[in-house]
Amino acid sequence: MGAPPPTRAADRALARPRRRPLAALAALAALLAVGGTVAYDLDTPAPRPADAPADEFSAARAYRNVETIAARPHPAGSPANDQVRAHLEGVLRGLGLETTVQDTVAREAGQLSGAAAGSTLARVRNVVARLPGTDPTGKVFLVAHYDSVQSGPGGNDDAAGTSTILEVARALAAGPRPRNDVVFVLTDAEEACLCGASAFAADHPLAADGGVVLNLEARGSTGPVIMFETSRDNAKLVDVFGRAAPHPVGTSFAVEIYRALPNDTDFTAFLDRAGFVGLNSAYIDGGAVYHTPLDTPAAMDRASLQQHGDNALGLAREFGHADLKALDAGHDATYFPVPGGLARYPGWLVLPLAVAALLAVLALGWLARRRGRTTYGRLAAGFALGLAPIVVAPLGAQLLWAGVTAVRPGYAELLDPYRPTWYRLAVVALAAATLFTWYALTRRRVGPAALAIGGLGWLAVLGIVLAVLVPGGAYLTTLPALAGAAAGLTALAVRIDGPWPVLAATLAGAVAVVILLPTVVLLFPALGMAMGGVAALFAVLLGLAGLPVVDLLHPEAGGQRGLVAARARRAGALPAVAAGLAAAVFAGVGLAVDRFDAAHPVPTHLMYALDAGTGQARWLSHETDPQPWTGQFVGGAASVADFPGLGDTELRSGPAQAANLPAPKLEVLADTRSTEQRTVRVRVTPQRPVRLLTLHVDGATEVESAVVAGRAIPGGRATGTPWGFGIVFHAPPPEGIEVTLVLAGGSGPAALRAMDASDGLDGVPGFRPRPADVGVVGSHSSEMLAVARTYPL
Ligand SMILES: [Zn+2]
């Protein structure tokens, strides 16, 4: 006969300290201290004053340029854009740098996809300055875009990057000359089509041999600067980043997330070309102002600007004297922030580590059973039940946000709320409530050891899955699983009621905090509250990794009978109830604190479209569930197939009075036919100041090829739309653009649809200005005024 099965849950734990409250308190204090250190490490540096030493980066000095650049919206082609460019040239020439303007027409990389074939182009004017190196092995490019969206002045996006580069150029020019050439590239028309960067990378003589690109961006107004994207085989670049950036915040997981998101920056245009490698950095918190009129210089957190500058200057100096021919590592690195620096290891270690973590957890399960702390049945139950919080917490977070958005529908159009902190806390509290509820329900029956090992099992399994699918993210679960398994094996090797099991569990918890807490913190701004479930997932994984510490804190609830048991059950529910209440209170405070007002207006989207041929005009909106203000103009969804230049198929629509505005003029300059082809040469000229011009060919006509403002572009044909092949041209010159279309023979009479668009709806008949608490959505089409006309050929 063996020993009778243990009845007290504590006997089925990995640790059973003699003075449990004290041990619990000590472990909690240690983990809170580690968490505080992690948060402090992610904090931005103090902005340096204008009288900082000349070889340092000063946010105060850089901010003066922010104010000049972002005085008003300055999209490509606008008079304000000309003024900004003149200022940039003046500053760079004033530093004694060879400064030129690359003035050309560029085509967006890749073709328009879907039903409408065609191309997007822009007239761009890049400001390029060079600091020649003493003995160059290659070139370092510091890149930022100086254009803004039409709907806001771009105080952060990307006056932050542009001003950072001006201040870095000043600091470099003031110090000893670097070995390598440093080229400052301030691109145009990033917001339109990344066309400035495409033009530089493809055509500029300084770009011919490639080099190292450091792209600087801002998608928000505050928060740490994150190095979120790299070129392939990044190990050596990441190593330089870890050594030379004074505040290196970056994770190989971000690279993987970013690849899955529909975002692009100028960096993409460089990576599309052979010979370029590099790093892409941005700060991304405070996303509510992104692309809106609120993205002003005053909205900028100058601590984020300081971090951008410190890192860019450190990297420019390091790459400035490195041998740039020796940067290809042949493999990617795993890297993540740890207090005091950037941890990194080669990508080929990812899978072996994941396998080791899984084997360690299996060994832990085997030994725990041998030591009588659990059974195989309980281990299986612990693993199966471990899936519950992993699934429930993210779903709960999504439901929570659906509830908040139902109360405040205006959130639907925002990247993130204006004041997201309370909502983020609510999601974390909800994840904790889920974990505690699950633990209170399962602890007595399954036992703490089996639940802890089951939780580590999930972390280890996820580590294998990530290692195969998303290698840069595998460290997130592999390393906590490995640390947890090592701690568990240590605990089983010593006396259960001694101090060592508690110490081991606390150390493993600290590893989980260091690795997973920054992920939770950075995922919130990266994905926004609408995807808060992802942050909840990692919060719950953090909880699972720290389950032995959770167990120390958890009220005893096992073994007793009757009244005592009932009281114990109530005590066991206490953490779950407290966390659940906290989640509700945080969400409520969020709703109370983050109201829409004049400084935090509810975002609305409105456009105006006029057919100058028929005299028909319409209000249009992108809002799926229109705000009351927008509802004055638009009703149900309607087809906008007659405005192919808008790039949408359906929008909210409402009737409007016709404005007295001219459509772009189309003149046929030449029209020649053979049996196989018809070649038409036209000039399209805007009759008013516009930001973009579009030209579409009817869907029945096949375009074999085309030349737009001297650039050859591939042809194409529509599939099932009235207007097919199209050209979108940003920042057209006032004299218009010449387009040559080679049409396939046998096509019948053709038609062209020309559209142009300006910005701003003031003065449009029937437009009523917004009240103070109603704002403009950050979008490339907000407040757009489009005029179109069909021309038979
Ligand atoms: Zn932007």
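Residues numbered from 1 in each chain as written. Predicted model: local features only at pLDDT ≥ 70, side-chain atom pairs only at ≥ 80, totals over all residues. Heavy atoms only, no water.

Visitor: Would you take a moment to explain a positive patch on the surface for this structure?
Guide: Taken together, the side chains of Arg444, Arg445, Arg567, Arg569 and Arg570 make up a positively charged region of the molecular surface. Of all the secondary-structure elements, those providing two or more residues to the positive patch are helix 13 (421-446) and helix 19 (562-593). Top element by residues in the positive patch is helix 19. It accounts for three residues. Position of arginine 569 among the secondary structure elements: in helix 19. Take arginine 569: its relative accessible area is 59%, and that puts it in the exposed class. (Patch = residues over 30% accessible without salt bridge, like charges linked within 9 Å, V, L, I, M, F, W, Y side chains within 5 Å. Areas by Shrake-Rupley, 256 points an atom, 1.4 Å probe, with all protein chains shown as cover. Salt bridge = Lys/Arg side-chain N within 4 Å of Asp/Glu carboxyl O. Lys, Arg positive; Asp, Glu negative; His and termini not counted. Charge placed at Lys NZ, Arg CZ, Asp CG, Glu CD. Helix = DSSP H or I, 4+ residues; strand = E, 2+ residues; numbered from the N terminus. Buried < 20%, exposed > 50% of the residue type's maximum accessible area, 1.4 Å probe, protein only.)

Visitor: Even after reading the chapter, I still don't get the pairing of strand 8 (residues 333-338), so can you show me in this structure?
Guide: Looking along a regular strand, one sees the side chains alternate between the two faces of the sheet. Within strand 8, five of the six residues are buried, leaving the element largely enclosed by the surrounding structure. When strand 8 meets strand 9 (residues 341-346), the two strands line up antiparallel, connected through six bridges. Considered in strand 9, the bridge of tyrosine 335 is made with arginine 344. Where strand 8 hands over to strand 9, the hairpin turn is made up of two residues, of which glycine 340 adopts a positive phi near 90 degrees. (Pairing = 2+ DSSP bridges.)

Visitor: Even after reading the chapter, I still don't get the side chain of histidine 204, so can you show me in this structure?
Guide: With respect to the element layout, histidine 204 can be found in the loop between helix 6 (195-203) and strand 5 (211-218). Here histidine 204 falls in the buried class, since its relative accessible area comes to 11%. Apart from residues no more than four positions distant in its own chain, histidine 204 is found in contact with Thr100, Gln102, Val128 and Ala199. (Contact = heavy atoms within 4.5 Å.)

Visitor: When you look at the pairing of strand 3 (residues 139-145) in this model, what are you seeing that I'm missing?
Guide: Within strand 3, seven of the seven residues are buried, which leaves it mostly tucked inside the rest of the structure. The alternating pattern of strand 3 places Lys139, Phe141, Val143 and His145 and Val140, Leu142 and Ala144 on opposite faces, both of which are buried. Handedness of the crossover is the feature at issue here: the chain leaves strand 3, passes through helix 4 (residues 159-174), returns alongside strand 4 (residues 181-187), and the resulting connection is right-handed. When strand 3 meets strand 5, the two strands line up parallel, connected through four bridges. Pairing of leucine 142 across the sheet is with leucine 214, part of strand 5. (Right-handed = clockwise from strand over helix to strand, strands pointing away.)

Visitor: Would you mind going over the pattern of salt bridges with me for this structure?
Guide: As enumerated under the stated definition, the model contains 28 salt bridges in all. As a salt-bridge pair, arginine 243 and aspartate 239 come within 3.4 Å of each other at their nearest N and O atoms. Taken together, the residues arginine 243 and aspartate 239, both in helix 7 (residues 235-244) and four residues apart, mark about one turn of the helix. For aspartate 239, a relative accessible area of 28% corresponds to the partly exposed category. With a shortest N-O distance of 2.9 Å, aspartate 611 and arginine 753 are connected by a salt bridge. With aspartate 611 in strand 11 (residues 607-611) and arginine 753 in strand 22 (residues 751-759), this pair connects stretches of sequence that are 142 residues apart. Within this structure, Asp239, Arg243, Glu318 and Arg344 form a network of salt bridges that share partners.

Visitor: Honestly, the packing of helix 12 (residues 376-407) against helix 13 in this entry has me stumped. Any pointers?
Guide: The relative placement of two packed helices comes down to the angle between their axes together with the axis-to-axis distance. Interaxial distance between helix 12 and helix 13 falls to 9 Å at its minimum, and their mutual angle equals 155 degrees. As summarised for this structure, helix 12 and helix 13 are arranged roughly antiparallel, according to the angle between their axes. The handedness of the crossing between helix 12 and helix 13 is right-handed. Taken together, the residues that form the contact of helix 12 with helix 13 break down as 18 nonpolar, five polar and two charged. (Axes fitted to C-alpha atoms, helices over the stretch in contact; angles between N-to-C directions. Parallel < 35°, antiparallel > 145°, perpendicular 65-115°, else oblique. Left-handed = near helix turned anticlockwise from the far one by under 90°. Nonpolar A, V, L, I, M, F, W, Y, C, P; charged D, E, K, R; others polar.)

Visitor: I'm lost on unusual backbone geometry in this one. Help?
Guide: Of all residues except glycine, most have a negative phi; of all peptide bonds, most are trans. Cis peptide bonds are those with omega within 30 degrees of zero, and the linkage from aspartate 157 to aspartate 158 qualifies with 5 degrees. Positive phi outside glycine occurs at leucine 194, with the angle close to 55 degrees. Looking at where leucine 194 falls in the secondary structure, it is placed in the loop between helix 5 (190-193) and helix 6. Positive phi, close to 65 degrees, is recorded for histidine 291, a residue that is not glycine. Inspection of the secondary structure assignment puts histidine 291 in the loop between strand 7 (276-285) and helix 10 (302-321).

Visitor: Got a minute to help me understand the packing of helix 12 against helix 14 (residues 448-469) in this structure?
Guide: One can describe the packing of helix 12 onto helix 14 by two numbers: an axis separation of 7 Å at closest approach and a directional angle of 60 degrees. In terms of their interaxial angle, helix 12 and helix 14 are classed as oblique. Pair helix 12 / helix 14 crosses with right-handed handedness. Contacts between helix 12 and helix 14 involve Arg378, Leu379, Gly382, Phe383, Gly386, Leu387 and Ile390 on the former and, on the latter, Ala450, Leu451, Ile453, Gly454, Gly457, Trp458 and Val461.

Visitor: When you look at the coordination of the zinc ion in this model, what are you seeing that I'm missing?
Guide: Think of it this way: four donors in a tetrahedron around the metal ideally sit 109.5 degrees apart, and six in an octahedron ideally sit 90 or 180 degrees apart. The coordination sphere of the zinc ion, as far as protein atoms go, consists of Asp157 (OD), Glu191 (OE), Glu191 (OE) and His291 (NE2), spread over 1.9 to 2.7 Å. Because the angles between the four donor atoms bound to the zinc ion fall within 54 to 146 degrees, the donor set is best described as irregular. Counting along the primary sequence, the residues that act as donors to the zinc ion give the motif D-x33-E-x99-H. With aspartate 157 in the loop between strand 3 and helix 4 and histidine 291 in the loop between strand 7 and helix 10, the pair connects residues that are 134 residues apart, well separated along the chain. Across the pair, histidine 291 and aspartate 157 agree in class, each one buried. (Donors = N, O, S within 2.8 Å, 3.2 Å for Na, K, Ca; no water. Tetrahedral: all angles 85-135°; square planar, octahedral: opposite > 155°, others 65-115°.)

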